[in-house]
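Reading the structure
Next come the chains, spelled out residue by residue.
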Amino acid sequence: MEGVEVYDFDREIPRQGTWSVQWDGIADRFGAGELLPFTISDMDFASPPEVLRALRERVEHGVFGYTDWRLGEFREAIRDWYATRHDTALDVDALVYAPSVLSQLSQLLQMWTEPGDGVVVHTPTYDGFRKAVTGLGRELRGVPVGDVRDTGALEAELARPDSRMLLLCSPHNPTGRVWREEELVEFARLAERHGVAVVSDEIHADLVAEGHRHVPWTRVVESGRDGGRWALITSGTKSFNFPALTGSYGVIGDDGERARFVRRMETGEGLASPAVLSLTAHIAAYREGGAWLDELRGYVAGTMRLVGERLGEGLPDVTWAPPQAGYLAWIDLRPLGIDEDALQRELVETERVAIMPGGVYGTPGFVRLNVGCPRGKAERGVEALVRAATRLRAS
């Protein structure tokens with residue numbers, strides 16, 4: 001139909017030689033180059049054409065002076081996106097800006113914890129959390145995702161006198177779990193009971209699968225200005241695939257803590273002027289990228305069905321269901337009794353593919369397969385996994 005954008009997610013775009021961590025940096029993690037990668041969580045799709053048009057227009061302007069994220073449409077685009085996509089009212093004055101979600105986390109860790117303090121997470125745990133927490137000298141304390149209706153293990157960790165923060169991944173990476181509202185309310189209640197700050201990383205929120213609903217932390221606490229020590233940190237870079245442009249934003253509930261965060265970023269970190277192309281991309285994504293995102297989510301759902309069918313055919317002992325959010329397939333291979341190191345050698349040396357082992361996230365026996373890619377590539381990845389696991393099981 002004339003005037004309707006067509007999005008081609010099947011097109012394979014060469015990424016070698018583009019300084020890509022996933023493609024060009026593969027040897028650093030897997031000890032071999034020229035592997036087909038299914039690793040770090042960026043996608044092989046081009047960013048939405050609506051975003052690319054906005055970037056071209058901004059580049060054509062030709063002047064790249066100092067910028068202020070509080071000017072222009074950035075905050076209003078975020079506010080409107082949350083109102084339409086998440087039925088959530090955001091106070092634009094409660095927003096903060098930082099180069100990345102992990103940079104926000106680093107600042108909040110330094111604000112709300114001290115070296116040696118405990119930071120409670122759900123396991124398996126996104127490796128970026130592990131690096132941020134332990135790199136700053138804090139202690140990472142894990143509670144299995146499991147059945148969180150049994151909150152005894154979580155409360156036991158939060159109740160420890162030196163536990164200072166509950167760090168949520170919502171939706172959860174790597175499992176793709178979408179927390180139900182009643183679960184989040186219980187997390188908030190326990191954190192308040194034990195005087196623990198809460199940081200909710202919600203960068204995967206817009207990739208929730210059909211039939212599930214993401215609940216922003218601001219809804220859990222009912223108000224973005226209720227005075228508690230909590231923060232929601234996120235970015236559009238994951239959903240619309242422009243992480244190399246940098247840029248993230250967040251909501252901090254307490255006025256004084258928010259002002260303190262901004263001072264740290266603008267003075268201690270020297271962030272007086274954010275990347276203008278990041279602001280441009282976010283505005284275009286939130287104003288014009290909804291149709292692209294909806295088609296992407298449908299495409300990824302179809303790829304996940306393919307993964308499930310191939311696993312069911314080739315590895316019937318493996319029970320797997322598509323994630324509730326995201327494009328990362330978290331697959332439990334423990335029923336096969338395969339050694340993780342042996343599997344990695346088989347994948348790398350024989351199949352020539354790179355798939356993240358579960359041990360990276362603290363749970364050996366799993367793999368995390370990134371299928372944020374054209375379906376033909378995803379099919380090659382799952383086929384390689386099935387062949388490698390089958391050979392090892394037969395040996």
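A brief report on the enclosed structure follows. (Residues numbered from 1 in each chain as written. Predicted model: local features only at pLDDT ≥ 70, side-chain atom pairs only at ≥ 80, totals over all residues. Heavy atoms only, no water.)

**Here we look at helix α7 (residues 181–193)**
Stated formally: Secondary structure is summarised from DSSP: a helix means a run of H or I of at least four residues, a strand means a run of E of at least two, and numbering begins at the N terminus for each. What a helix is expected to span follows from its residue count: subtract one and scale by 1.5 Å. Residue exposure (1.4 Å probe, protein chains only): buried if accessible area is under 20% of the type maximum, exposed if over 50%, otherwise partly exposed. Throughout, the arc means that of the directions going from the helix axis to the C-beta atoms.
End to end, α7 covers 18 Å across 13 residues, agreeing with the expected 18 Å (1.5 Å per residue, within 8%). Those residues of α7 not exposed but buried are Glu-183, Leu-184, Phe-187, Ala-188, Leu-190 and Ala-191. Seen end-on, α7 carries its buried residues on one side only, within an arc spanning 165°. Every exposed residue of α7 that faces more than 90 degrees away from the buried side is listed here: Glu-182 and Glu-192.

**Quick look at unusual backbone geometry**
With an omega of 0°, the peptide bond between Thr-123 and Pro-124 qualifies as cis. Along the chain, the position of Pro-124 falls in the loop between β3 (118–123) and α5 (127–135). The peptide bond linking Asn-173 to Pro-174 adopts the cis configuration, its omega dihedral lying at 20°. Position of Pro-174 among the secondary structure elements: in the loop between β5 (163–169) and α7.

**A few points about the pairing of strand β7 (residues 230–234)**
Counted only if it meets this: Criterion used throughout: strands pair if DSSP finds at least two bridges between them.
For β7, the tally of buried residues reaches five of five residues, placing the bulk of the element in the interior. Side chains Trp-230, Leu-232 and Thr-234 of β7 all project onto a buried face; the interleaved residues Ala-231 and Ile-233 project onto the opposite face, where all are buried too. Sheet analysis places strand β6 (residues 197–201) next to β7, joined by four bridges and oriented parallel. Within β7, the position partnered with Val-199 by the bridge is Ala-231. As defined by bridge partners, β7 adjoins strand β8 (residues 248–252) across four bridges and the pair is classed as antiparallel. Looking at β8, one finds that Leu-232 is bridged to Val-251.

**Re the packing of helix α4 (residues 101–112) against α5**
Here is the rule: Axis lines are fitted through C-alpha atoms, for helices just across the contact stretch, and the angle between N-to-C directions can take any value from 0 to 180 degrees. Each crossing is labelled by how the near helix is turned from the far one, with a counterclockwise turn of less than a right angle marking it left-handed and a clockwise turn marking it right-handed. We call two residues in contact when some of their heavy atoms are within 4.5 Å.
The interhelical angle for the contact between α4 and α5, taken along N-to-C directions, is 35°, at an axis separation of 10 Å. At the point where α4 passes α5, the crossing takes the right-handed sense. Note on element contacts: α5 touches α4 through Gly-128, Phe-129, Ala-132 and Val-133, opposite Leu-102, Leu-105 and Leu-109.

**A closer look at the sheet that holds β7**
In any sheet, the strands associate via hydrogen bonds between backbone groups, in a parallel or an antiparallel arrangement. Pairing in this open sheet of seven strands is mixed, and the strands run β2-β8-β7-β6-β5-β3-β4 from one edge to the other. Looking at which strands have only one partner, the edges of the open sheet turn out to be β2 (95–98) and β4 (139–144). Between one strand axis and the next, the sheet turns by 25° as a mean value, whatever way the strands run.

**Describing the pattern of salt bridges**
Heads up, the condition is: Salt bridges are defined as contacts in which a side-chain nitrogen from Lys or Arg sits within 4 Å of a carboxyl oxygen from Asp or Glu.
For the structure on display, the rule yields 36 salt bridges. Measuring nitrogen to oxygen at the nearest pair gives 3.4 Å for the salt bridge that ties Arg-75 to Asp-93. Residue Arg-75 is located in helix α3 (residues 74–85), and its partner Asp-93 is located in the loop between α3 and β2; the two are separated by 18 residues in the primary sequence. The buried category is assigned to Arg-75, whose relative accessible area is 16%. Overall, Asp-93 belongs to the partly exposed group, its relative accessible area being 47%. Glu-183 is the salt-bridge partner of Arg-177, the closest N and O atoms lying 2.8 Å from each other. Of the two residues, Arg-177 and Glu-183, both sit in the buried class. Residues joined in a network through salt bridges with shared partners are Glu-139, Arg-141, Glu-157, Arg-160 and Asp-162.

**What about the packing of aromatic side chains?**
Given two aromatic rings, one states the distance between the centres and the angle between the planes to describe the pair. Selection rule: Aromatic pairing here means that ring centres of Phe, Tyr or Trp (its six-membered ring) are within 6.5 Å. Orientation follows from the plane angle: under 30 degrees is stacked, over 60 is edge-to-face, and everything else is tilted. The criterion is that NZ of a Lys, or CZ of an Arg, lies within 6 Å of the ring centre and within 35 degrees of the ring normal, and then a charge sits over that ring.
Per the counting criterion, the structure on display carries 17 aromatic pairs. On the numbers, 6.3 Å between centres and 85° between planes, the contact of Tyr-249 with Tyr-286 is edge-to-face. With Tyr-249 in strand β8 and Tyr-286 in helix α10 (residues 276–288), the pair connects residues that are 37 residues apart, well separated along the chain. By relative accessible area, which is 1% here, Tyr-249 ends up buried. A connected cluster of aromatic rings, assembled from ring pairs, spans Phe-9, Phe-45, Trp-69, Phe-74, Trp-81, Tyr-97, Phe-240, Tyr-249, Tyr-286, Trp-292 and Tyr-299. Over the face of the ring belonging to Tyr-299 we find Arg-375, whose NZ or CZ atom lies 4.2 Å from the ring centre.

**Some words on the side chain of Glu-183**
Using the following cut-off: In the analysis that follows, any N or O atom pair within 3.5 Å is treated as a polar contact, provided that within protein one partner can donate a hydrogen and the other can accept it, and provided that, for residues neighboring in sequence, both atoms belong to side chains.
Position of Glu-183 among the secondary structure elements: in helix α7. For Glu-183, a relative accessible area of 4% corresponds to the buried category. Side-chain polar atoms of Glu-183 contact the backbone nitrogen of Arg-180, separated by 2.8 Å.

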